[in-house]
Amino acid sequence: MEKVLKRPFLVVIGALVLLSGLFPGASTGFAAENKDQSTVVDVTAMTFNLRYENSSDPSPHTWDERVPTIKKMINMKNPDIIGTQEVLYTQLQDLENTLPEYNWIGLGREGGNRGEYSASFYKEKDYTVLEYDHFWLSDTPQVIGSKTWGNNIPRMVTWAKFLDKKSNQQFYFVNTHFDHQSANAREKSAELMLQVTKEFDPELPVILTGDFNTAPDTLPHQILTNDGAFDDLWGTAETRINEHLGTFNGFHDATGGGPDRRIDWILGKGNLTTNEIEIVNYQKNGQFPSDHFPVIADITLTYDK
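- Under an unreviewed UniProt entry, the name given to the chain is Endonuclease/exonuclease/phosphatase domain-containing protein, and the source organism is Paenibacillus xerothermodurans.

What follows is the structure, given as structure tokens:
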């Protein structure tokens, strides 16, 4: 996928084409060859609400001050793919310059480069985007900026089918941001997520990242994880780091609100296992990279020969 994916004008054009069909297959991409395929692929995935650029955030938590800290943390943890939330287009431009080894896909929730993105970053040297699309969490998911479930602002999903260049294997990566006010919107959003991901190629693993704005003991989590739909990788990981933390720190709470406030999740379905998962509580001299702690998981995807 060429770098032109980053340019807002072309992103808008791509969105108009891709939104002609909500479900996988709506967009065209490159066909992966079947030869020389590996049976195991390791992917390090991160979910990270970066906090939108806000002039009311006090020092040292302004966006300009946080960018070097975000860079240091990401370089330290070295994720392959990052599902981000709350990012504005100007912030994406800063991240392009700060993290040149990553490309990204995404669309503003109000269309084009307007509003917050749920953009996904990926290491361009290691992955190719075969297909991607967006949909809105509403009764009219193909309508840009739509909201029908009681949420005051639009909520959306960006998904992609990736090709791992080394192994020649494919997988899906889905990224979202559920509403922070409406419980009904969160529940309906979880139901729609299941509906859409059931249309994916069932032979391929799916990684789902997001800020779900709700705890793991609530109905949206149950909808997503009941009956083997998705696994919460926090629960299935062989090793968990920082189990005593939550993920919303508000720029001041080093506990992230405690484990009952683990609102940022990495879920998975298909043939995958989680070796290690961590709530990353990195700080630099009392400065938090964001008002959310990122979560990172070391995932192994397994394929039949």
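From this point, the discussion proceeds with the structure in view.
### Description of the overall build of the chain
Here's step 1: Looking only at helices and strands, the chain features 6 helices and 13 strands.
Here's step 2: In the chain, which comprises 305 residues, the proportion classed as buried is 58%.
Here's step 3: For the chain, long-range pairs separated by at least 24 residues make up 75% of all intrachain contacts whose partners lie at least 6 apart in sequence.
Here's step 4: For the chain, the computed accessible surface area is about 12500 Å², with 47% contributed by carbon and sulfur atoms.

### Some remarks on the sheet that holds strand 9 (residues 231-232)
Each strand in a sheet pairs with another by means of backbone hydrogen bonds, the pair being arranged parallel or else antiparallel.
Here's step 1: Pairing is mixed across the open sheet formed by 6 strands, whose spatial order is 5-6-7-8-11-9. Edge positions in the sheet fall to strand 5 (127-136) and strand 9, since each of these pairs with one other strand and no more.
Here's step 2: In the sheet, strand 6 (residues 156-164) pairs with strand 7 (residues 169-177) via 8 bridges, with the strands oriented antiparallel. Its bridge partner lying in strand 7, Lys 161 is registered against Tyr 172.
Here's step 3: Sitting on the sheet, helix 4 (residues 183-197) is in contact with strand 5, strand 6, strand 7, strand 8 (206-211) and strand 11 (264-269), with an inclination near 135° to strand 5.

### As for the nonpolar core
Here's step 1: The biggest cluster of nonpolar side chains holds 55 residues, and the ones touching the most others in it are Phe 162, Phe 171, Met 193, Ile 207, Leu 224, Ile 299 and Leu 301.
Here's step 2: The residues touching Met 193, leaving out its near neighbours within four places in the chain, are Phe 135, Leu 137, Val 157, Val 174, Thr 176, Phe 178, Leu 208 and Leu 224.
Here's step 3: Grouped together as the second largest cluster of nonpolar side chains are 22 residues, Val 67, Leu 92, Leu 99 and Ile 296 included.

### Comments concerning the packing of aromatic side chains
Here's step 1: Going through the model one piece at a time under the given rule, you end up with 13 aromatic pairs.
Here's step 2: Their ring planes at 90° and their centres at 5.9 Å tell us that Tyr 127 and Phe 171 sit as a pair that is edge-to-face. On the criterion of sequence distance, the pair formed by Tyr 127 in strand 5 and Phe 171 in strand 7 is long-range, its members being 44 residues apart. Per residue, the accessibility class of Tyr 127 equals that of Phe 171, and both read buried.
Here's step 3: Among the aromatic side chains, those forming a connected cluster through ring pairs are Tyr 122, Tyr 127, Phe 162, Phe 171 and Phe 173.
Here's step 4: In this arrangement the basic side chain of Lys 269 is found over the ring face of Phe 230, its NZ or CZ atom lying 5.2 Å from the centre.

### Some thoughts on the environment of Val 295
Here's step 1: Tracing the chain through its elements places Val 295 in strand 13 (residues 295-302).
Here's step 2: Exposure remark for Val 295: the relative accessible area of 2% places this residue in the buried category.
Here's step 3: When the C-alpha atoms of Val 295 and Phe 48 are compared, they prove to be 6.7 Å apart, with 247 residues separating the residues in sequence.
Here's step 4: The contacts of Val 295, once residues within four sequence positions are left out, are Ala 45, Met 46, Thr 47, Thr 247, Asp 264, Ile 266, Ile 277, Glu 278 and Ile 279.

### Observations concerning the pattern of salt bridges
Here's step 1: One pass over the structure, following the stated rule, counts 9 salt bridges.
Here's step 2: With a shortest N-O distance of 4.0 Å, Asp 291 and Arg 51 are connected by a salt bridge. Remark: Arg 51 occurs in the loop between strand 1 (40-49) and helix 2 (63-77) and Asp 291 occurs in the loop between strand 12 (272-279) and strand 13; sequence separation between them is 240 residues. Grouping residues by exposure puts Asp 291 and Arg 51 together as buried.
Here's step 3: We note a salt bridge from Asp 232 to Arg 262, for which the minimum N-O separation is 3.0 Å. With a gap of 30 residues between them, Asp 232 in strand 9 and Arg 262 in the loop between strand 10 (239-241) and strand 11 connect regions that are remote in the sequence.

### Some remarks on the side chain of Thr 84
Here's step 1: Considering the arrangement of structural elements, one finds Thr 84 in strand 2 (residues 81-85).
Here's step 2: The exposure class assigned to Thr 84 is buried, which follows from its relative accessible area of 2%.
Here's step 3: Within the structure, the side chain of Thr 84 is placed 2.7 Å from the backbone oxygen of Ala 119, a separation counted as a polar contact.
Here's step 4: Filtering out sequence-adjacent residues up to four positions away, Thr 84 remains in contact with Phe 48, Leu 50, Tyr 117, Ser 118, Ala 119, Phe 121 and Asn 175.

### Things to note about unusual backbone geometry
Here's step 1: Here the bond from Ser 59 into Pro 60 is cis, since omega is 10°, no more than 30 degrees from zero.
Here's step 2: Mapped onto the elements of the fold, Pro 60 is located in the loop between strand 1 and helix 2.
Here's step 3: Of note in this structure, Asn 168 is not a glycine but carries a positive phi near 65°.
Here's step 4: Relative to the elements of secondary structure, Asn 168 occurs in the loop between strand 6 and strand 7.
Here's step 5: Within the chain, Asp 227 stands out as a residue other than glycine whose phi angle is a positive 55°.

Conventions used here
- Residues numbered from 1 in each chain as written.
- Predicted model: local features only at pLDDT ≥ 70, side-chain atom pairs only at ≥ 80, totals over all residues.
- Heavy atoms only, no water.
- Helix = DSSP H or I, 4+ residues; strand = E, 2+ residues; numbered from the N terminus.
- Buried < 20%, exposed > 50% of the residue type's maximum accessible area, 1.4 Å probe, protein only.
- Contact = heavy atoms within 4.5 Å.
- Areas by Shrake-Rupley, 256 points an atom, 1.4 Å probe, with all protein chains shown as cover.
- Pairing = 2+ DSSP bridges.
- Axes fitted to C-alpha atoms, helices over the stretch in contact; angles between N-to-C directions.
- Core = buried A, V, L, I, M, F, W, Y, C linked by side-chain atoms within 4.5 Å.
- Phe/Tyr/Trp six-rings, centres within 6.5 Å; stacked < 30°, edge-to-face > 60°.
- Lys NZ or Arg CZ within 6 Å of the ring centre and 35° of its normal.
- Salt bridge = Lys/Arg side-chain N within 4 Å of Asp/Glu carboxyl O.
- Polar contact = N/O pair within 3.5 Å; in protein donor to acceptor, adjacent residues only side chain to side chain.

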